[in-house]
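# Descriptive structure summary
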Amino acid sequence: MATTTQSSPSVDPSRDPSGDPATGTYYTAGAKAFHWLTVLVMTGSFALAFVMVELPLGTLKVSLYNWHKTLGLIVLALAVLRLVWRLRHPAPPLPADMPAWERLAAQVTHVALYLFLFAQPLVGLVMSWASGFPTVLFGSFNLPNPIGANQGLFDALVVVHELSAWIILALIAVHAGAALRHHFVKKDQVLRRMLPGRPPGAERR
Amino acid sequence: MRATLLALPVLMPVLIAAAPAAAQDAPTWAVDPENSRVGFVAIQSGDEVEGSFSAWTADIAFDPETATGRIEAVVQTGSVESGSRDRDDSLKGDGLLHVEAFPQARFVADKFRTTGEGAYEAIGELTLRDTTREVVLPFTLAVEGTTAEAAGELSVDRLDYGVGQGQWADTSMIGAEVRIVFEIAATRQ
């Protein structure tokens, strides 16, 4: 928090529009890219999920499942790369005036979201194996199946995968709701620091 | 060619008379269901998928020495199992086996050829759904005392039998070629 002593005492560093990634006030371009790519791919994955489960068993349903599996594994790949990035580029600090319970809530939500970014695709992958249906990625190549068809395991994982999906949607609602609250109610920089592009007034790195 | 065609009506009564006689002479074999299997290998999205039928019967009369006899196998199509309930439901549905309308598949053969040591061909008719076609089914047979083990497989184009209606006629997800496979252990009666 070295910047605190350098800026005027009345201005919180996280609200200082001149803050930039160099001082840890904004997310790095890489962190933003991972975040918004994940948003994009997950939106597609959820959209496919809602449509595919309603379809009658047929070739279209199977194709949509395979694209859902493809997007799920992209989410997993992004999560792995993102975690590596995150460990090398720590998140900027939360506003100094945030109450303890809000910090805790933010922490718990972020950790939970990270966990599900890994867990949900992995559960889906094992589920796909247990289904005995080929896992066709990008509509063109098949993933090997190390476990083979297992109806019992599949039935169990369907419940887990679906429950997890609803928990993820709830977490996203909390996460996005909190970000909007920061922007529109608390009027701080918390949302803006994850928005694409250079933050207003920030120095080019 | 002409001579052959003319000869057929003459020979026909002889052939018809000879066939049942051969079948009657051939020893009958009782299938040991525990050690027998009737199934298939299909290609789904490029991967091999195996399935089998748990309910089927086979009446077998066959003399390995003379390669004569008669085989009739009846498979209950609704007993199909491929490791996945969803896939089984698709297989049983009207687009594929349509087990409600066609609960049985059938193979009947009464002509045989010896093709090698313990190797034969059964010339018969395969019925899937409502389509019957002549097929030549190669199989091996190993007899030891009163027990015998037979195995064979037959590649068919599922679309020849109408197994693939509507969207399932598309062979990009489920290949046209399906290998019908069997392993039968039997005891001489």
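Residues numbered from 1 in each chain as written. Chains lettered and ligands numbered in written order. Predicted model: local features only at pLDDT ≥ 70, side-chain atom pairs only at ≥ 80, totals over all residues. Heavy atoms only, no water.

### Comments concerning the overall build of chain B
Counting secondary structure elements, chain B contains two helices and 11 strands. Listing every helix and strand of chain B by position from the N terminus yields α-β-β-β-β-β-β-α-β-β-β-β-β. Each of the 189 residues in chain B was classed as buried or not, and the buried ones make up 43%. Contacts in chain B between residues far apart in sequence, at least 24 positions, make up 57% of those at least 6 positions apart. Counting every atom, chain B has about 10300 Å² of accessible surface; 53% of that belongs to carbon and sulfur. (Helix = DSSP H or I, 4+ residues; strand = E, 2+ residues; numbered from the N terminus. Buried < 20%, exposed > 50% of the residue type's maximum accessible area, 1.4 Å probe, protein only. Contact = heavy atoms within 4.5 Å. Areas by Shrake-Rupley, 256 points an atom, 1.4 Å probe, with all protein chains shown as cover.)

### Examining the overall build of chain A
Check the secondary structure of chain A and you find five helices and two strands. Secondary structure elements in chain A, listed N-terminal to C-terminal, are α-α-α-α-β-β-α. Evaluated residue by residue, chain A yields a buried proportion of 42% over its 205 residues. Taking as baseline every contact in chain A between residues at least 6 positions apart, the subset at least 24 positions apart corresponds to 68%.

### Points about the nonpolar core
Burial of nonpolar side chains together is a common tendency in soluble globular proteins. Formed by 42 residues in total, the largest nonpolar core has its most connected members in Phe-53, Phe-62, Phe-112, Leu-126 and Phe-139 of chain B. Of all the secondary structure elements, the ones that give two or more residues to this core are strand 2 (37-44), strand 4 (56-63), strand 5 (68-76), strand 7 (104-116), strand 8 (119-128), strand 9 (131-144), strand 10 (147-157) and strand 11 (177-188) of chain B. Residues in contact with Phe-139 of chain B, not counting those within four places in the same chain, are Phe-62, Phe-112, Gly-118, Ala-119, Tyr-120, Glu-121, Ala-122, Ala-151, Gly-152 and Phe-182 of chain B. Ranked by size, the runner-up nonpolar core spans 19 residues in total, among them Met-42, Ala-49, Val-75 and Leu-78 of chain A. (Core = buried A, V, L, I, M, F, W, Y, C linked by side-chain atoms within 4.5 Å.)

### A short note on the pairing of strand 3 (residues 47-53) of chain B
Residues and elements named next belong to chain B. With seven bridges connecting them, strand 2 and strand 3 associate as antiparallel partners. Within the sheet, the bridge partner assigned to Ala-42 lies in strand 3 and is Val-49. Linking strand 2 back to strand 3 in an antiparallel pair, the connection comprises two residues, with Ser-45 at a positive phi of about 45 degrees. One ladder, built from two bridges, connects strand 3 with strand 6 (residues 80-81); its direction is antiparallel. Considered in strand 6, the bridge of Ser-52 is made with Glu-81. (Pairing = 2+ DSSP bridges.)

### Considering the side chain of Thr-70 of chain A
By secondary structure assignment, the location of Thr-70 of chain A is in helix 3 (residues 59-88). If we ignore the near neighbours within four places in the chain, the residues touching Thr-70 of chain A are Val-136, Leu-137 and Phe-138 of chain A.

### A look at the pattern of salt bridges
Per the counting criterion, the structure on display carries 10 salt bridges over all chains. Glu-72 of chain B serves as the salt-bridge partner of Arg-70 of chain B, at 3.2 Å between the closest nitrogen and oxygen. Residue classification places Glu-72 of chain B among the buried residues on the basis of a relative accessible area of 19%. A network of salt bridges, in which partner residues are shared, links Glu-102, Arg-181 and Lys-186 of chain A. (Salt bridge = Lys/Arg side-chain N within 4 Å of Asp/Glu carboxyl O.)

### Some words on helix 4 (residues 100-131) of chain A
Residue and element names in this part refer to chain A. In this model, helix 4 (32 residues) spans 45 Å end to end at C-alpha, consistent with the 46 Å of a helix rising 1.5 Å per residue. Of all bends in helix 4, the biggest is about 25 degrees, found at Phe-116. A positive phi of about 80 degrees marks Gly-132, the residue just after helix 4. (Expected span 1.5 Å × (residues − 1). Bend = angle between axes of the 7 residues up to and from the residue.)

### Observations regarding the interface of chain A and chain B
Accessible area lost upon the coming together of the parts is a frequently used measure of interface size. Of the residues lining the interface, 16 residues belong to chain A; the matching set on chain B comes to 14 residues. Our count for the chain A to chain B interface comes out at one salt bridge. Note that Asp-155 of chain A is salt-bridged to Arg-85 of chain B, the shortest N-O span being 2.9 Å. The tally of links between chain A and chain B comes to six residue pairs in polar contact (both at pLDDT 80 or more). (Polar contact = N/O pair within 3.5 Å; in protein donor to acceptor, adjacent residues only side chain to side chain.)

### Focus: the pairing of strand 7 of chain B
Residues and elements named next belong to chain B. Pairing of strand 5 with strand 7, which is carried by six bridges, proceeds in the antiparallel orientation. Looking at strand 7, one finds that Glu-72 is bridged to Val-108. Linkage of strand 7 to strand 8, two consecutive antiparallel strands, is achieved through a turn of two residues, within which Gly-118 is found at a positive phi near 70 degrees.

### A short note on the packing of aromatic side chains
One pass over the structure, following the stated rule, counts 11 aromatic pairs over all chains. Judged by centre distance (5.9 Å) and plane angle (70 degrees), the ring pair of Phe-62 of chain B and Phe-139 of chain B falls under edge-to-face. Pair noted here: Phe-62 of chain B is in strand 4 and Phe-139 of chain B is in strand 9, with a separation of 77 residues, a long-range link. Note on accessibility: Phe-62 of chain B and Phe-139 of chain B belong to one class, buried. A network of ring pairs unites the aromatic residues Phe-62, Phe-112, Tyr-120 and Phe-139 of chain B as a single cluster. It is Arg-87 of chain B that lies over the ring of Phe-133 of chain A; its NZ or CZ is 5.1 Å from the centre. Just above the ring of Tyr-161 of chain B sits the side chain of Arg-133 of chain B; from NZ or CZ to the centre is 5.9 Å. (Phe/Tyr/Trp six-rings, centres within 6.5 Å; stacked < 30°, edge-to-face > 60°. Lys NZ or Arg CZ within 6 Å of the ring centre and 35° of its normal.)

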